[in-house]
Amino acid sequence: MQNEWKIREEMCDVGRRLYEKNYVVANDGNISVRIGKGRFLCTPTGVSKGSMKPADIALVDDEGKQLSGPKPRTSEIKLHLQIYHEMAHINAVVHAHPPHATAFAVAGIEPPAGILPEVEIFLGQVPLARYDTPGSQDFAETILPHLRQKANTILLANHGAVACDKTLEQAYFHMETLDQYCYILLLARQMGRVQTLNEPQIKDLLEIKKRLGIEDSRVDAAGQLCTLAGSDEFLRGFSQRAIAQHQADASGCGRGNGIAGACSQAGTVQPMPRSEHAAASQAGIRPLGLGSSSQAVQKRAADDEMEQLTQVITDRIIEMMSQES
Ligand SMILES: [Zn+2]
């Protein structure tokens, strides 16, 4: 174990990085490190993580009781202790509100798995914990089912994200990877299409992950690969396809929307549900991509787009004429 002062300095450094990257603003976020049996260093409440000093850091016991430190410990200590109590190998926890990841948490959508190799290996499927009031024991317990599924990075509904690992740097990197991933997903969605890895490609990555000794809920206790199920909500309603594979499976299907063990719909264009399409039109939002598995629906979507375009042009002409008169 590093000397305690060095750990305090590292916590300040991570706090600064969180603040500079806009993963936290004002006094948001908190960091903790396990430094011994029943002893945890944690950030104080009411202090910006961007300008924290080593001496500001609090020391607490395994019930969250403050043992030392000039300022009261974070009000979120229960969330951190929940992780330490559940996972003996975890030594560091970072909680922040990174904007792209928090956008998923606010939308109530889990990021899909099976898209970027690094994310597959270092994060896996990122779950979304249900909402509860921050700081409460009930809030801390919202992550319990996901910890038991071996998640090291969890979205907190209408709040932010929490990441943990053996070292503080690894926990912080999970937060970076998560936010970067969510950002890329949003950009790709704006472009109208997301290519997904197929089952053999994901299995290759899970094999690497197993060799690196990183746990994943998709690998069982005996080390066998089991379900590849993941959230498909983000991928619904716009174009997606599987990328070319070096070892095509018999059906030629990729993983796509993550239906466990079943041939996925990747490689086909998926329909945006009619109700969603209508709601989007009503709200003046252009649905992303055409999204349809049949020509009829594709044509309907194209007609809708043409109708919207005509409306925009008509409005513009009327506006110009009224300006001229
Ligand atoms: Zn928070």
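Residues numbered from 1 in each chain as written. Predicted model: local features only at pLDDT ≥ 70, side-chain atom pairs only at ≥ 80, totals over all residues. Heavy atoms only, no water.

J.: Teacher, can you tell me more about the layout of surface pockets here?
T.: Left-over empty space is what a probe sized like a water molecule reveals as it rolls over the atoms. A volume near 400 Å³ is recorded for the largest pocket. Of all the secondary structure elements, the ones that give two or more residues to the lining of the largest pocket are helix H4 (117–122), strand S8 (160–165) and helix H7 (168–191). The biggest single contributor to the lining of the largest pocket is H7, with four residues. Its residues placed into classes, the lining of the largest pocket shows eight nonpolar, six polar and five charged. (1 Å grid on protein atoms, 1.4 Å probe; cavity = no way out; pocket = protein on both sides within 12 Å on 5 of 7 lines; lining within 4 Å. Points joined across faces, edges and corners; volume = space filled by probe spheres on them. Helix = DSSP H or I, 4+ residues; strand = E, 2+ residues; numbered from the N terminus. Nonpolar A, V, L, I, M, F, W, Y, C, P; charged D, E, K, R; others polar.)

J.: Is there a simple way to think about the sheet that holds strand S1 (residues 30–36) in this case?
T.: Paired through backbone hydrogen bonds, the strands of a sheet run either parallel or antiparallel to each other. Within the open sheet, the eight strands sit side by side as S4-S3-S2-S1-S5-S8-S7-S6. Their pairing is mixed. The open sheet is flanked by strand S4 (66–68) and strand S6 (128–129), the only strands paired with a single partner. Examined bridge by bridge, S1 and strand S2 (residues 39–42) share four bridges and lie antiparallel to one another. Residue pairing across strands places Gly36 opposite Arg39, the latter belonging to S2. Of the strands in this sheet, S1, S2 and strand S5 (92–96) touch helix H1 (residues 4–20), which is tilted by about 160 degrees from S1. (Pairing = 2+ DSSP bridges. Contact = heavy atoms within 4.5 Å. Axes fitted to C-alpha atoms, helices over the stretch in contact; angles between N-to-C directions.)

J.: It is not clear to me how the pattern of salt bridges should be interpreted in this structure. Could you clarify?
T.: When their charged atoms lie close together, side chains carrying opposite charge are able to pair. Tallying each qualifying case throughout the model produces 11 salt bridges. Among the salt bridges present, the one from Glu9 reaches Lys6, with a minimum N-O distance of 3.9 Å. Of the two residues, Glu9 and Lys6 are both situated in helix H1; the distance of three residues between them amounts to about one turn of the helix. Between Glu207 and Lys210 there is a salt bridge, and its shortest N-O distance comes to 3.7 Å. Taken together, the positions of Glu207 and Lys210, both in helix H8 (residues 199–211) and three residues apart, correspond to about one turn of that helix. (Salt bridge = Lys/Arg side-chain N within 4 Å of Asp/Glu carboxyl O.)

J.: What exactly am I supposed to notice about the side chain of Gln82 here?
T.: Note on placement: Gln82 falls in helix H2 (residues 77–86). Note on Gln82: relative accessible area 12%, which makes it buried. Here Gln82 is in contact with Gln137, Ala140, Glu141, Ile143, Leu144 and Leu147, once residues within four sequence places are set aside. (Buried < 20%, exposed > 50% of the residue type's maximum accessible area, 1.4 Å probe, protein only.)

J.: Sorry if this is basic, but what is going on with the nonpolar core here?
T.: In a soluble, globular protein the nonpolar side chains are often hidden away together inside. Met11, Leu18, Val94, Leu155, Leu168, Met175 and Leu178 are the most contacted members of the largest nonpolar core, which has 43 residues in total. Residue assignment for this core shows that the elements contributing at least two residues are H1, S1, S5, helix H3 (99–107), S8 and H7. Sort the elements by how many residues they give to this core and H7 lands first, with nine residues. The contact partners of Leu168, leaving out residues within four places of it in the chain, are Glu10, Met11, Val14, Ile31, Val33, Ala92 and Val94. One finds Leu81, Tyr84, Ala129 and Ala151 within the second-largest nonpolar core, a separate group that totals 22 residues. (Core = buried A, V, L, I, M, F, W, Y, C linked by side-chain atoms within 4.5 Å.)

J.: Would you mind showing me how to read the coordination of the zinc ion here?
T.: Around the zinc ion, the protein contributes the donor atoms His95 (NE2), His97 (NE2) and His159 (NE2), which lie 2.0 to 2.2 Å from the metal centre. Counting gaps between the donor residues of the zinc ion yields the pattern H-x1-H-x61-H. (Donors = N, O, S within 2.8 Å, 3.2 Å for Na, K, Ca; no water.)

J.: I tried to follow the packing of H3 against H7 on my own but got confused; where do I start?
T.: Angle between the axes and distance between the axes are the two parameters that describe a pair of packed helices. Orientation of H3 relative to H7, taken along the N-to-C sense of each, is 70 degrees, at an axis distance of 7 Å. The orientation of H3 with respect to H7, classified from their angle, is roughly perpendicular. The handedness of the crossing between H3 and H7 comes out as left-handed. Two secondary-structure elements touch here, H3 through Pro99, His100, Ala101 and Phe104 and H7 through Leu178, Asp179, Cys182, Tyr183, Leu185 and Leu186. Taken together, the residues of the contact of H3 with H7 break down into eight nonpolar, one polar and one charged. (Parallel < 35°, antiparallel > 145°, perpendicular 65-115°, else oblique. Left-handed = near helix turned anticlockwise from the far one by under 90°.)

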